[in-house]
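Understanding the architecture of this molecule
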Amino acid sequence: MTEKNLNSDTVPMFGTEKLSIAQIWDQMQRLQTDFALAQELTYYYTSAQWLKAKTVLDLGTGNGYYLSKIAQRFPDKVYHGVDISPEFIDIALREAATANISFALGSLFDVTEPSDFVLMRLVLQHMDDIPAILDQAARLTNPGGSALIIDAYDPFRFFHPELPEFMEFFSTYAEHERMAGRDRRVAYRVEQALASNPFWRPGSTLQLLIPSTIEGNLNLFAKTYTLLADLVEQSGKFQYNFRAVKDAWRRWTERTDAYTQVGLILIGIDRIC
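Residues numbered from 1 in each chain as written. Predicted model: local features only at pLDDT ≥ 70, side-chain atom pairs only at ≥ 80, totals over all residues. Heavy atoms only, no water.

Glancing now at the pairing of strand β4 (residues 115–121). Counting buried positions along β4 yields 6 of 7 residues, so the element is predominantly enclosed. As defined by bridge partners, strand β1 (residues 55–59) adjoins β4 across 3 bridges and the pair is classed as parallel. Counted as the bridge partner of V56 is F117 from β4. Across 6 bridges, β4 lies against strand β5 (residues 141–152) in parallel orientation. Considered in β5, the bridge of L119 is made with L148. For the handedness criterion, the β-α-β arrangement of β4, helix α5 (residues 130–139) and β5 is classed as right-handed. (Buried < 20%, exposed > 50% of the residue type's maximum accessible area, 1.4 Å probe, protein only. Helix = DSSP H or I, 4+ residues; strand = E, 2+ residues; numbered from the N terminus. Pairing = 2+ DSSP bridges. Right-handed = clockwise from strand over helix to strand, strands pointing away.)

Next up, the structure:
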C-alpha cells in the first residue's frame, strides 16, 4: 500500500476539503458514536489488554469525537489520534476535552512512536489493502500490545417493515465499494490477512447487534441513514435516484411499527512479542 491509497482524491467520500462532505462526516461520526458506544464498552471493560494499556493510538480518528468519549471513560491512559483530513483534525483539536489526548494530521505511515494499544474504528471498510495496514499497525504497536478493529457487520442489518428502496440503494453502494477493492466484509478480510501475517495472532471477537428499540436510537438511525444518502450523492460516486431513497426512508421512519438494527464486529488482535 502506498500513502496515496489513504488520500481523499482516491476515495471521494473523504474529500473533506468540500465543506458539505466535511459537515456530513462530522455529524455521522457523532451519531455513530452515540448509538453504539454504550454497547462497545462491553469489549473495553472486559479486555485485559485494554485495561493494562497505558498509551493508545487511534488510526483514522476523524473528528476525534469517539476517542474523546473513550478518554473520558478511561482517564488513566494517554491518547493520540491521527487522520489525513485537516478539517477533521481542526475539529478534534478544537474540541479535545481532556489533557491526556492529542491529535495530529497524517496517515498511519507518518506515525513513528509505538503505543500499547491501537484502535481502528470504521476505517478498514474504506481501505483496499488490509494486509499492508495490519503490517504498519504492527510496527506501531509495542510487542505484547494489542489492536482493536471495529467495523460494520452488515449481516445484522434489518428493517421491519421491509424497506426495499433503501436496501437496493445500500446494495448498490456496497457493490460499488467492493468493485473498488473496498469490500465491507471486514471480518472476512481481516481473517484472510491474519492467516499469513507474522506479527499478529487473533484475539477475542465480539459481534454487537444494536437495535432501534434502545431509547433514542431510531432517531439516531434516521439521521445517520439520511446523511449516508446525502454523502454518497455529494461525493458523486454513482448516479442514483437519491430523492426517492430519502423519501422512502422518511416515510418509513414515521411509521409507528418501524424497527431496524445495525451490526458491529469488534476484532481484537494481539501483537506477537
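Attention now goes to the environment of V82. Locating V82 in the fold gives a position in strand β2 (residues 78–83). As a C-alpha pair, V82 and V111 span 29 residues in sequence and 8.2 Å in three-dimensional space.

Counted according to the given criterion, the structure contains 13 salt bridges. Notably, a salt bridge pairs D154 with R157, separated by 2.6 Å at the nearest N-O pair. For D154, a relative accessible area of 22% translates into the label partly exposed. For R157, a relative accessible area of 15% translates into the label buried. For R250, the salt bridge is made with E254, and the minimal N-O distance between the two is 3.6 Å. (Salt bridge = Lys/Arg side-chain N within 4 Å of Asp/Glu carboxyl O.)

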